[in-house]
Amino acid sequence: MKKSLITWIGALSTSLALMSSCTSDPDSPGLEYMPDMYRSPAIEAYVDYGEVRARIDETKKVRQTALTPPQFTVPFYGTDSALVELMMPYHRAANQNMRMTHGFYGERLSAADEYTLAAMDLKNPVMLDEKTLEEGKKLYTSMCQHCHGEKGDGNGPMVTSGAYSGVPNYKEEARMKLSNGQMFYSIYYGKGMMGAHRSLLNKKEIWTLVHYVRSIQYPDYLAAGMISDSTKKN
Ligand code: HEC
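Quick look at the structure, then. (Residues numbered from 1 in each chain as written. Predicted model: local features only at pLDDT ≥ 70, side-chain atom pairs only at ≥ 80, totals over all residues.)

## Re the nonpolar core
Counting 21 residues, the largest nonpolar core has Met 183, Phe 184, Ile 206, Leu 209, Val 210 and Val 213 as its most contacted members. Among the elements of the structure, helix 11 (180-189) and helix 12 (203-217) are those that each provide at least two residues to this core. Of the residues forming this core, the biggest block, seven residues, is contributed by helix 12. Setting aside its immediate chain neighbours within four residues, Leu 209 contacts Gly 136, Leu 139, Tyr 140 and Ile 187. (Core = buried A, V, L, I, M, F, W, Y, C linked by C-beta atoms within 7 Å. Buried ≥ 20, exposed ≤ 12 C-beta atoms within 10 Å, placed from the backbone. Helix = DSSP H or I, 4+ residues; strand = E, 2+ residues; numbered from the N terminus. Contact = placed C-beta atoms within 7 Å.)

Here it is, written out as structure tokens:
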């Protein structure tokens with residue numbers, strides 16, 4: 001008798017619990033316990049929900065977030081003073097013609113031919129050692145090789161497939177004579193058919209690539225201390 005009463009009470013409470021968690025609305029999730037666990041505020045980059053703790057600001061919902069930082073904002077690069085100095089904004093401005101060729105609008109542009117002036121920028125501020133070249137090879141393989149080719153002869157798959165042309169051999173005389181600064185300038189801002197890489201690579205990475213391109217041009221770059229116009233630490 002007692003047992004059947006317990007069973008009966010158990011069955012009743014179970015069916016009550018089941019019934020109370022159901023509603024006739026097919027879209028309703030039913031009764032939710034601790035809804036904040038599965039209804040956490042979605043905070044995603046680039047999306048402004050205009051909501052803070054359930055208070056909605058409708059005006060924010062239509063506004064663009066993730067704004068471009070103010071001009072000349074310097075990102076934080078830690079406390080290593082050499083690295084911080086290296087990452088300071090590039091002192092050479094793009095040529096004003098590059099507004100047309102490379103889409104540089106609304107920024108400081110120079111009427112002077114800064115590419116030619118960059119012939120005087122001889123020193124590569126990144127230390128040259130094996131690790132630098134390894135790092136350079138990695139960057140080169142992922143960012144440059146498809147156009148310039150593994151050997152730097154201008155025959156990357158983009159070129160051999162016929163999709164693209166005009167990529168020079170690094171070993172042609174004019175390119176051998178480029179100063180480190182000119183290489184940097186061209187990779188940073190782009191040149192001719194090559195686009196700018198400044199939004200893809202930071203300054204340290206670009207200088208590392210300049211070392212790597214040199215090592216393609218001069219196979220004994222590292223060993224023979226072809227460092228005259230390049231490395232020497234500051
Ligand atoms: C989309 C194809 C393409 C990619 C990707 C590319 N380049 Fe180029 N690169 C070119 C072309 C085309 C030129 C010739 C530009 C000219 O002189 O008109 C060039 C020229 C250069 C030069 C010679 C610049 C000068 O001043 O004469 C260097 C150095 C160079 N590239 C390095 C790189 C590095 C390093 C990367 C990878 C970060 C890279 N390029 C990625 C197409 C490319």
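Still more to cover.
## Overview of the packing of helix 11 against helix 12
For any two helices packed against each other, one specifies the inter-axial angle together with the distance between the axes. The interhelical angle for the contact between helix 11 and helix 12, taken along N-to-C directions, is 120°, at an axis separation of 9 Å. One element, helix 11, and the other, helix 12, form an angle in the oblique class. Considering the relative orientation of helix 11 and helix 12, their crossing is right-handed. Only Ile 206, Trp 207, Leu 209, Val 210 and Val 213 of helix 12 make contact with helix 11, whose side of the interface consists of Asn 180, Met 183, Phe 184, Ile 187 and Tyr 188. Grouping the amino acids of the contact of helix 11 with helix 12 by side-chain chemistry returns nine nonpolar, one polar and no charged. (Axes fitted to C-alpha atoms, helices over the stretch in contact; angles between N-to-C directions. Parallel < 35°, antiparallel > 145°, perpendicular 65-115°, else oblique. Left-handed = near helix turned anticlockwise from the far one by under 90°. Nonpolar A, V, L, I, M, F, W, Y, C, P; charged D, E, K, R; others polar.)

## Overview of the packing of helix 7 (residues 130-143) against helix 12
Interhelical geometry of helix 7 versus helix 12 gives an angle of 95° and a closest axis separation of 8 Å. Of the possible angle classes, the one that applies to helix 7 and helix 12 is roughly perpendicular. Where helix 7 abuts helix 12, its residues Thr 132, Leu 133, Glu 135, Gly 136, Lys 137, Leu 139 and Tyr 140 lie against Glu 205, Thr 208, Leu 209, His 211, Tyr 212 and Ser 215. Taken together, the residues of the contact of helix 7 with helix 12 sort by class into five nonpolar, five polar and three charged.

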